[in-house]
Amino acid sequence: MAAHRTAVRDVPIGTGATGTRVETDSMGRIDVPAEHYWGAQTQRSLIHFSIGDDHMPKAVYHAYGYVKKAAALVNRRAGRLDEERAAAIVRAADEVIAGELDGEFPLYVWQTGSGTQSNMNVNEVIGNRASQLLGGALGSKRPVHPNDHVNMGQSSNDTFPTAMHIATVLEVSGHLLRNVDQLAQAIEDKAVTWVDVVKTGRTHLQDATPITVGEEWSGYVAQLRDARARTAESLSAVHRLAAGGTAVGTGLNAPDGFGEQIAAEIAELTGRPFVTAPNKYAAQGSLDAMVAVGAGLRGLAVALMKIANDMRWLASGPRAGLHELRLPANEPGSSIMPGKVNPTQQEAMVMVCLQVIGEDAIVAAAGAQGNFELNAMRPIIINNVLHSARILADACEKLRRYSVEGTELDRARIDDYVGRSLMLVTALSPTIGYDKASAIAHKADDEGTTLREAALALGVAAADFDRIVDPATMVGRPRHDLGLDRPGADHT
């Protein structure tokens, strides 16, 4: 290939043009807005697929920037792409990665299921921007061609799933897992603080034997960290990249070793352990790895919903509910009832979790739509996975900052519930038998007396009752040990 001799110039982003210009593709000529870098295929997609307000997430395009940059670097080292074109493509790809060209990616989620239109959107924008950097005219495809140079050795069928995987890893590892860790730590801090506060346990929404507040909250921590670990484990599959498989997994038009080389380059650029997928037919014909991540996000949503619901029930009241917890009052709760404050952070979290569970159902159904050598449901899957990860991450941060960290206990209410609990009678069963213990509980409940009064009336000695029915001795493990696993520093 003859080298292009014009050096990359320092040209500010922007075309400086108005009106329209003519771009061409295999279908012919079409007018595009002159102020933008995109070309003919992007413009056709905007006409044919302007469906709703759902645009392809910008994270996909940022990830695509890594793909195009890595491909240019690999092709340059192998001598397939000259130094000047490669440098211009790398410069434009860096601008894509940095979000400096976000306004050039207007396409909708509802497009071709392979993601071809988004791939060509990237190719056209990088091609025009790179040509501009080398002194070429926009729309001329010279000196940088969107297909021949930007897309060299690639296909939409292998690069779109590659971009999907990169975007997923960066979003989940770089945002979600960190926020989950911080929320879990905030909950653990409360568990440790409240480890000796005895309260009434509840099963079937009914009073049960005592537990400490710290023990209860340690369950939230363990549940959340377990779900976090499963989500992190699901990322192992999306570290495997389809790039190098081209159209159907055979690697046609890609040079030998291209898959391994581009994966290594992407790993170097992102700092993540990406590798080439060992079987490109599975990598392109299925989206099982993305389905696994969606399931991990659903598991997180299940755990977070349980925690949020417990908190809002335990804070119910303040006069006619449980009100063991005092949640921070962040904003007025009613437009008609003065002074009302609601568990708004918990309600938002529950809605986020419901959304994630619903989106995962779609991810799973779309993942089952692979046909032969291609799963053509890619846009909806990446949209749902990225959206789920983002709203879960943001909801975790808001729940921690504006609710968990400021939550306090209503000790008087907690102590009152413990003092009036009928299930403390459970401690008497080994001494006086189940039937007599049950009779004491029913007598106290029927007559509205204390458990102690009912027990003494049925022949239990006062000293025995006071010795045996001590809530502080009825809780679980030694209270300095909540059995919590510490999270690792690794967010992958």
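These numbers come from a predicted model, not from an experiment. (Residues numbered from 1 in each chain as written. Predicted model: local features only at pLDDT ≥ 70, side-chain atom pairs only at ≥ 80, totals over all residues. Heavy atoms only, no water.)

This brings us to the layout of surface pockets. When its volume is computed, the largest pocket comes out at roughly 480 Å³. Lining of the largest pocket is provided by 20 residues; of these, Arg202, Leu205, Glu216, Asp310 and Leu314 occupy positions nearest its centre. At the level of secondary structure, the elements contributing two or more residues to the lining of the largest pocket comprise β3 (198-203), β4 (206-212), α7 (213-238) and α10 (288-314). Considered as a void within the structure, the second largest pocket measures approximately 330 Å³ in volume. (1 Å grid on protein atoms, 1.4 Å probe; cavity = no way out; pocket = protein on both sides within 12 Å on 5 of 7 lines; lining within 4 Å. Points joined across faces, edges and corners; volume = space filled by probe spheres on them. Helix = DSSP H or I, 4+ residues; strand = E, 2+ residues; numbered from the N terminus.)

Let's shift gears to the environment of Phe274. Relative to the helices and strands, Phe274 is located in the loop between α8 (258-270) and β6 (275-276). Taking relative accessible area as the criterion, Phe274 reaches 3% and is therefore assigned buried. As a C-alpha pair, Phe274 and His165 span 109 residues in sequence and 9.2 Å in three-dimensional space. In this structure, Phe274 is in contact with His165, Ile166, Val169, Val238, His239, Leu241, Ala263, Ile266 and Ala267, ignoring residues within four places of it in sequence. (Buried < 20%, exposed > 50% of the residue type's maximum accessible area, 1.4 Å probe, protein only. Contact = heavy atoms within 4.5 Å.)

Their axes nearest at 8 Å, the elements helix α1 (residues 40-48) and helix α4 (residues 116-133) cross at an angle of 140°. One way to sum up the angle between α1 and α4 is to call them oblique. In this structure, α1 meets α4 at a crossing whose hand is left-handed. Together, Ala40, Gln41, Thr42 and Ser45 of α1 and Gln117, Met120, Asn121 and Glu124 of α4 make up the contact between the two elements. When its residues are assigned to classes, the contact of α1 with α4 shows 2 nonpolar, 5 polar and 1 charged. (Axes fitted to C-alpha atoms, helices over the stretch in contact; angles between N-to-C directions. Parallel < 35°, antiparallel > 145°, perpendicular 65-115°, else oblique. Left-handed = near helix turned anticlockwise from the far one by under 90°. Nonpolar A, V, L, I, M, F, W, Y, C, P; charged D, E, K, R; others polar.)

Turning our attention to the packing of aromatic side chains. Each pair of aromatic rings is reported with the distance of its centres and the angle of its planes. Using the criterion set out here, one finds 4 aromatic pairs in the structure. Judged by centre distance (4.5 Å) and plane angle (10°), the ring pair of Tyr61 and Phe105 falls under stacked. Of this pair, Tyr61 sits in helix α2 (residues 58-77) while Phe105 sits in the loop between α3 (83-97) and α4, and the two are 44 residues apart along the sequence. Across this residue pair, the class does not change: Tyr61 and Phe105 are buried. (Phe/Tyr/Trp six-rings, centres within 6.5 Å; stacked < 30°, edge-to-face > 60°.)

Along the chain, Val469 falls in the segment after α17 (462-468). Each C-alpha atom of the pair Val469 and Arg452 lies 8.8 Å from the other, and the pair is 17 residues apart in sequence. Those residues in contact with Val469 that sit more than four places away from it in its chain are Leu424 and Leu428.

Before going further, it helps to examine empty space enclosed by the protein. With the rule as written, the count across this model stands at 2 cavities of 30 Å³ or more. Considered as a void within the structure, the largest cavity measures approximately 50 Å³ in volume. In terms of lining, the largest cavity is formed by Leu327, Pro328, Asn330, Glu331, Asn342, Pro343, Thr344, Gln345, Gln346, Tyr402 and Ser403. Broken down by element, the lining of the largest cavity gets its largest block of residues, 3 residues, from helix α11 (residues 344-367). In terms of residue class, the lining of the largest cavity is built from 4 nonpolar, 6 polar and 1 charged. For the second largest cavity, the calculated volume is near 40 Å³. Along its surface, the second largest cavity is lined by Lys199, Val213, Glu216, Trp217, Leu314, Glu324, Leu325, Leu409 and Ile414. A total of 3 residues in the lining of the second largest cavity trace back to one element, the largest contributor, which is α7.

Now for the pattern of salt bridges. Tallied over the full model, the rule gives 25 salt bridges. Ionic pairing is found between Glu95 and Arg129, a salt bridge with its closest N-O pair at 2.8 Å. Of this pair, Glu95 sits in helix α3 while Arg129 sits in helix α4; the two residues are 34 residues apart in sequence, bridging distant segments of the chain. We note a salt bridge from Lys199 to Glu324, for which the minimum N-O separation is 2.8 Å. Taken together, the residues span a long stretch of sequence, with Lys199 in strand β3 and Glu324 in the loop between α10 and β7 (325-326) at a distance of 125 residues. Each of the two residues, Lys199 as well as Glu324, counts as buried. (Salt bridge = Lys/Arg side-chain N within 4 Å of Asp/Glu carboxyl O.)

What follows deals with α2. Given a rise of 1.5 Å per residue, 20 residues ought to cover 28 Å, and the 29 Å separating the end C-alpha atoms of α2 matches this to within 8%. Buried residues dominate α2, accounting for 15 of its 20 residues. Two residues or fewer after α2 comes Gly79, characterised by a positive phi angle close to 80°. (Expected span 1.5 Å × (residues − 1).)

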